[in-house]
Amino acid sequence: MIEYGVKFNHKKIARIMRKYGLKPEYIKRIRNSGGYKKIQENVRPNLVKRNFNTEKKNQIWCTDVTYLTFGNKRAYLSTIIDLYDRRVVAYKISRFNNLQFVIETLNEAIQKEVNIKGLILHSDQGSQYTSNQYKEICLANGIQISMSRKGTPIDDSPMESWHGILKKETLYNNQIKSLDEYIHLVEDWIIFYNTKRLKNRKPKPPIN
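Owing to the predicted nature of the structure, the values given are computational and were not obtained by experimental measurement.

*Asks:* Quick rundown of the nonpolar core? Include the residues and the values.
*Replies:* Ranked by internal contacts, the top residues of the largest apolar core, which has 24 residues, are Trp 61, Ile 80, Leu 106, Leu 121, Tyr 134, Cys 138 and Ile 143. Taken together, the elements giving at least two residues each to this core come down to β1 (60–70), β2 (73–82), β3 (88–94), α3 (99–112), α4 (132–140) and β5 (144–147). No other element matches α3, which puts seven residues into this core. If we ignore the near neighbours within four places in the chain, the residues touching Leu 106 are Ile 80, Leu 121, Tyr 134, Ile 137, Cys 138 and Ile 143.

*Asks:* A description of the side chain of Asn 46 should follow, citing residues and the corresponding values.
*Replies:* Positionally, Asn 46 belongs in the loop between α2 (25–32) and β1. Engagement of the side chain of Asn 46 in a polar contact is seen with the backbone nitrogen of Lys 49, the distance being 2.9 Å. Residues in contact with Asn 46, not counting those within four places in the same chain, are His 122, Ser 146, Met 147, Ser 148 and Asp 155.

*Asks:* Lay out the pattern of salt bridges with the relevant residues and their values.
*Replies:* Scanning the model with the defined rule gives 10 salt bridges in all. Notably, a salt bridge pairs Glu 113 with Lys 57, separated by 3.5 Å at the nearest N-O pair. Of this pair, Glu 113 sits in the loop between α3 and β4 (120–123) while Lys 57 sits in the loop between α2 and β1; the two residues are 56 residues apart in sequence, bridging distant segments of the chain. A residue is classified by how much of its surface remains accessible, and Glu 113, at 13% relative accessible area, is buried. Here Arg 95 makes a salt bridge to Asp 180, at a shortest N to O gap of 2.4 Å. Of this pair, Arg 95 sits in the loop between β3 and α3 while Asp 180 sits in helix α6 (residues 179–195), and the two are 85 residues apart along the sequence. Look at Arg 95 and you get partly exposed, because its relative accessible area is 42%. What makes Asp 180 partly exposed here is its relative accessible area of 43%. Each of Lys 57, Asp 82, Asp 85, Arg 87 and Glu 113 takes part in one network of salt bridges that share partners.

*Asks:* I'd like a rundown of unusual backbone geometry, residues and numbers included.
*Replies:* A negative phi angle characterises most non-glycine residues, just as the trans form characterises most peptide bonds. Of note in the backbone geometry, Lys 49 takes a positive phi value of approximately 50° without being a glycine. Locating Lys 49 in the fold gives a position in the loop between α2 and β1. At Arg 50, a residue that is not glycine, the phi angle is positive and equals roughly 65°. Inspection of the secondary structure assignment puts Arg 50 in the loop between α2 and β1. The exposure class of Arg 50 is buried, given its relative accessible area of 14%.

*Asks:* Residue-level account of helix α5 (residues 157–169), with values.
*Replies:* If you check α5, its first and last C-alpha atoms are 18 Å apart, about what 13 residues at 1.5 Å a residue would give, namely 18 Å. Among all positions in α5, only Pro 158, Met 159, Trp 162, His 163, Leu 166 and Lys 167 are buried. Along the long axis of α5, the arc covered by the buried residues comes to 160°, so they all point the same way. Buried-residue contacts for α5 involve β1, β2, β3 and α6.

Cut-offs applied
Residues numbered from 1 in each chain as written. Predicted model: local features only at pLDDT ≥ 70, side-chain atom pairs only at ≥ 80, totals over all residues. Heavy atoms only, no water. Core = buried A, V, L, I, M, F, W, Y, C linked by side-chain atoms within 4.5 Å. Buried < 20%, exposed > 50% of the residue type's maximum accessible area, 1.4 Å probe, protein only. Helix = DSSP H or I, 4+ residues; strand = E, 2+ residues; numbered from the N terminus. Contact = heavy atoms within 4.5 Å. Polar contact = N/O pair within 3.5 Å; in protein donor to acceptor, adjacent residues only side chain to side chain. Salt bridge = Lys/Arg side-chain N within 4 Å of Asp/Glu carboxyl O. Expected span 1.5 Å × (residues − 1). Arc of directions from axis to C-beta.

In structure tokens, the structure reads:
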């Protein structure tokens, strides 16, 4: 650094910054951008209780966000599926894991379906799902919010399973050259999944 007429080795500067807990301002901005904190009072009990069988559509939806990673680049997929037939009700892909694209996914699902009053929407306790905006949209449309217990991924097993199928049949089975190509492949696969792919609709007993 010679901006002020003083020469320093960059490694020495890094050591000094670590010693005094200093961070570059641009890193602080990056880490704080789009960040949301979980609103604890918006956490809801688990209404599904691992009973993932439904008698008709629009009784229970599950939602979650997963990574779409290629090399050192990453996008995010927000999805809502109906547990009746495991179809994708709505999805959005974004380069940013923020509240907005989760809300857009929810609004799209609501606009597509006619009779959703009393429907249960199940998720984890992520910050997007405990936000006031998410809560207000659900309440305004008669949707019951359900959340898995903290640190219990088996409470979200339908979404975990769906993510596994998605990545197995897209990322792992194709020679992808870029993140954009991966995103297009995911979009095409979701259409295929909803319209042509066979799904197991055989009822399964609840997991105790």
